[in-house]
Amino acid sequence: MDKIAISAVSYTNTLPFLNGIRNSDVINAIDLSVDYPSECARKVIDNEVDMGIIPIAALAKLSNYHIIGDYCIGSDGAVDSVFIFSNKPIEEIKTLLLDKQSRTSNGLAQILLKHYWKKDIEVLTEGEADAYVLIGDRTFGKKNKVPFAYDMGYYWKDMTGLPFAFAVWVSNKELPEDFQEAFNHALAKGVARPEDVIPGLPVYEGFDYHTYLTESLDFHLTVDKRKAIDLYLELYAKLKI
Ligand SMILES: C=C(O[C@@H]1C=C(C(=O)O)C=C[C@H]1O)C(=O)O
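Worth saying up front: this structure is predicted, and the values here are computed from it rather than measured.

1. Quick look at the sheet that holds strand β6 (residues 95-97)
Line of reasoning, step 1. Spatially, β7-β6-β8-β5-β9 is the arrangement adopted by the five strands of the open sheet, whose pairing is mixed. The sheet is open, and its two edges are formed by β7 (122-124) and β9 (148-151), each paired on a single side. The sheet shows a mean angle of 25° between the axes of neighbouring strands, taken without regard to direction.
Line of reasoning, step 2. Against the sheet, helix α3 (residues 104-115) makes contact with β5 (82-86), β6, β7 and β8 (131-135), and its axis sits at roughly 140° relative to β8, the strand it touches most.

2. A few points about the pairing of strand β2 (residues 30-35)
Line of reasoning, step 1. Bridge analysis of strand β1 (residues 4-9) against β2 gives six bridges, and the strand direction is parallel. Residue alanine 5 lies in a different strand from β2, and its bridge partner there is aspartate 31.
Line of reasoning, step 2. In the classification by handedness, the crossover that spans β1, the intervening helix α1 (residues 15-22) and the parallel β2 is right-handed.

3. As for the pattern of salt bridges
Line of reasoning, step 1. Summed over the entire model, instances satisfying the criterion amount to 13 salt bridges.
Line of reasoning, step 2. Glutamate 48 is paired through a salt bridge with arginine 42; the nearest N and O atoms lie 2.9 Å apart.
Line of reasoning, step 3. Taking the relative accessible area as the measure of exposure, glutamate 48 reaches 46% and is therefore partly exposed.
Line of reasoning, step 4. Ionic pairing is found between lysine 88 and aspartate 130, a salt bridge with its closest N-O pair at 3.7 Å. Taken together, the residues span a long stretch of sequence, with lysine 88 in the loop between β5 and β6 and aspartate 130 in the loop between β7 and β8 at a distance of 42 residues.

4. Regarding unusual backbone geometry
Line of reasoning, step 1. Although it is not a glycine, asparagine 47 sits at a positive phi angle of roughly 60°.
Line of reasoning, step 2. Looking at the secondary structure, you find asparagine 47 in the loop between α2 (37-45) and β3 (51-55).
Line of reasoning, step 3. A positive phi angle, near 55°, is found at lysine 118, a position not held by glycine.
Line of reasoning, step 4. Relative to the assigned elements, lysine 118 resides in the loop between α3 and β7.
Line of reasoning, step 5. A relative accessible area of 65% means that lysine 118 is categorised as exposed.

5. Here's the deal with the domain arrangement of the protein
Line of reasoning, step 1. What the domain assignment lists for the protein is domain 1 (4-73 + 164-222) and domain 2 (82-160).
Line of reasoning, step 2. If you look at the interface, domain 1 gives 20 residues, while domain 2 gives 18 residues.
Line of reasoning, step 3. Buried surface at the junction of domain 1 and domain 2, both sides included, amounts to about 1,600 Å², of which 64% is carbon and sulfur.
Line of reasoning, step 4. Taken as a group, Tyr11, Phe164 and Phe166 account for 37% of the area that domain 1 buries against domain 2, more than any other trio of residues on that side.
Line of reasoning, step 5. There are zero salt bridges connecting domain 1 and domain 2.
Line of reasoning, step 6. At the boundary of domain 1 with domain 2, the tally comes to eight residue pairs in polar contact (both at pLDDT 80 or more).
Line of reasoning, step 7. Going through the elements one at a time, α2, β10 (164-171) and α6 (209-216) are the ones with two or more residues in the side of domain 1 that touches domain 2.

What counts, and at which threshold
Residues numbered from 1 in each chain as written. Predicted model: local features only at pLDDT ≥ 70, side-chain atom pairs only at ≥ 80, totals over all residues. Heavy atoms only, no water. Pairing = 2+ DSSP bridges. Helix = DSSP H or I, 4+ residues; strand = E, 2+ residues; numbered from the N terminus. Axes fitted to C-alpha atoms, helices over the stretch in contact; angles between N-to-C directions. Contact = heavy atoms within 4.5 Å. Right-handed = clockwise from strand over helix to strand, strands pointing away. Salt bridge = Lys/Arg side-chain N within 4 Å of Asp/Glu carboxyl O. Buried < 20%, exposed > 50% of the residue type's maximum accessible area, 1.4 Å probe, protein only. Domains from an automatic or database assignment. Buried area = accessible area lost by both parts, 1.4 Å probe. Polar contact = N/O pair within 3.5 Å; in protein donor to acceptor, adjacent residues only side chain to side chain.

Here it is in structure tokens:
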């Protein structure tokens, strides 16, 4: 059988998964690329790959998809790498710049602004704005340096009482059952030892990888995270985007 083409997120949050995959025989059955999340989504949507860990917002664009395995990039409250950063309090912002690398958090920011902060703002994809969305490693250590930082995992939990799944493993076609099992087993091995990926990572002042990987991130795709995905997709569908 041809190798299964997979696009994985290129951020630290996915390193435990990649560690599990690379230390398992499943690596011989796949063709792996790493991309930023919106590009992972595009590759799965355009059928350039068979599977990826893709932003949940992209599920709205897939007519036929299969969630693979029991893991996700998620959090139960503050995640420490998905923010709205701003020079003024969020109550005062009028414009929001989106992050080209994101899909879920771009939608989440708009959901929170509408339903949590009850604000109608203008959304920009280019140029200067009062506030901006930023995700992934580019946020590390930034929350103490920017005047206002809003962790979207925290505000989602405050609004809904639910944890959140930012990205899930998804295929755009039915994949063999034995592959799915082996892949899920590799992911399980990786997330059982997330701290194994820390040695050698770049240092960011005020950012602790151990806390991030073992406490802030929560890789288990639980029933409540699946509820959060359904609720997010319902609210996302009602945004004017
Ligand atoms: C926790 C994170 O979750 C992510 C956020 C995503 C998005 O906004 O589309 C997609 C994948 C994840 O990388 C992060 O990027 O820091």
